[in-house]
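Examining the three-dimensional arrangement
Residue strings, one per chain:
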Amino acid sequence: MSDLDQLTQSLARNLKRWRGERGFTLDALAARAGVSRGMIIQIEQARTNPSVGTTVKLADALGISITTLLDYEQGTQVRLVPASQAVRMWSTEAGSSTTLLVGAEARGPIELWSWRLMPGEGSASDPHPEGTVELLHVTEGELTLVVDGETHLVPAGASATFEAHVPHSYRNDGSEPAALTMAVTIPPVRREGK
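Worth saying up front: this structure is predicted, and the values here are computed from it rather than measured. (Residues numbered from 1 in each chain as written. Predicted model: local features only at pLDDT ≥ 70, side-chain atom pairs only at ≥ 80, totals over all residues. Heavy atoms only, no water.)

1. Digging into the sheet that holds strand β10 (residues 168-171)
If you trace the four strands from one edge of the open sheet to the other, you get β5-β10-β7-β8, paired in antiparallel fashion. The open sheet is flanked by β5 (122-125) and β8 (150-155), the only strands paired with a single partner. For this sheet the average axis-to-axis angle between neighbouring strands, irrespective of direction, equals 15°. In this structure, strand β7 (residues 142-147) lies alongside β8, joined through six bridges in antiparallel fashion. (Pairing = 2+ DSSP bridges. Helix = DSSP H or I, 4+ residues; strand = E, 2+ residues; numbered from the N terminus. Axes fitted to C-alpha atoms, helices over the stretch in contact; angles between N-to-C directions.)

2. Thoughts on the sheet that holds strand β11 (residues 178-185)
In spatial order, the strands read β1-β9-β6-β11-β4; together these five strands make up an open sheet with antiparallel pairing. Two strands lie at the open edges of the sheet, namely β1 (78-81) and β4 (110-117), each paired on one side alone. Recorded for the sheet is a direction-independent mean angle of 15° between the axes of neighbouring strands.

3. With respect to the side chain of His-137
Of note, His-137 is situated in strand β6 (residues 133-140). In this structure His-137 touches Leu-101, Gly-157, Ala-158, Ser-159, Ala-179, Leu-180 and Thr-181, once residues within four positions along its chain are discounted. (Contact = heavy atoms within 4.5 Å.)

4. Description of the pattern of salt bridges
Counted by the stated rule, this structure contains six salt bridges. Residue Arg-17 pairs with Glu-21 through a salt bridge whose shortest N-O separation is 4.0 Å. Separated by four residues within a single helix, Arg-17 and Glu-21 lie in helix α1 (residues 3-22), roughly one turn from each other. When its relative accessible area of 19% is taken as the criterion, Arg-17 is described as buried. Glu-21 sits in the buried class, given a relative accessible area of 6%. With its nearest N and O atoms 2.9 Å apart, the salt bridge here joins Asp-173 to Arg-171. A single salt-bridge network, built from bridges that share partners, covers Arg-17, Glu-21 and Glu-163. (Salt bridge = Lys/Arg side-chain N within 4 Å of Asp/Glu carboxyl O. Buried < 20%, exposed > 50% of the residue type's maximum accessible area, 1.4 Å probe, protein only.)

What follows is the structure in structure tokens.
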């Protein structure tokens, strides 16, 4: 597949995904972006390559970056954030501080979990609805995160985020307990006719 074909397929997939995640009908996105409904249909069906201007309008209307809209990495993306890349937002001389560990573009309900996995134990999860995102931060030990068959080691102090609409599991393959905090964002349920 050529780079252009890959980009066309990626744009089709991402536009459809983000339009669904935002709960926009074709007509609503067309109105927000100032792009015809027919053009959006052609893009989502990978039948055309829109101009840069049209792509920017669509990204802006969806509230995402053009990079996110054009991203053509295949498969489920897992982003690991080592402790060294966490962002200290503020601190005081007395020792108070806040640190942004990891973030993701998502909307809808959110859950916050505290996990503890003893050595040799784990938990598997079936795929969640499309648009579900999990963010986690390992506070102790090392987590073995398996997303769609691919294994990722997440040591204490590191964070990760991934789209959870594929099979995934959490394991402690080490000899010490593992602990983590996890947030799960769930896409809102759309009502009939919306």
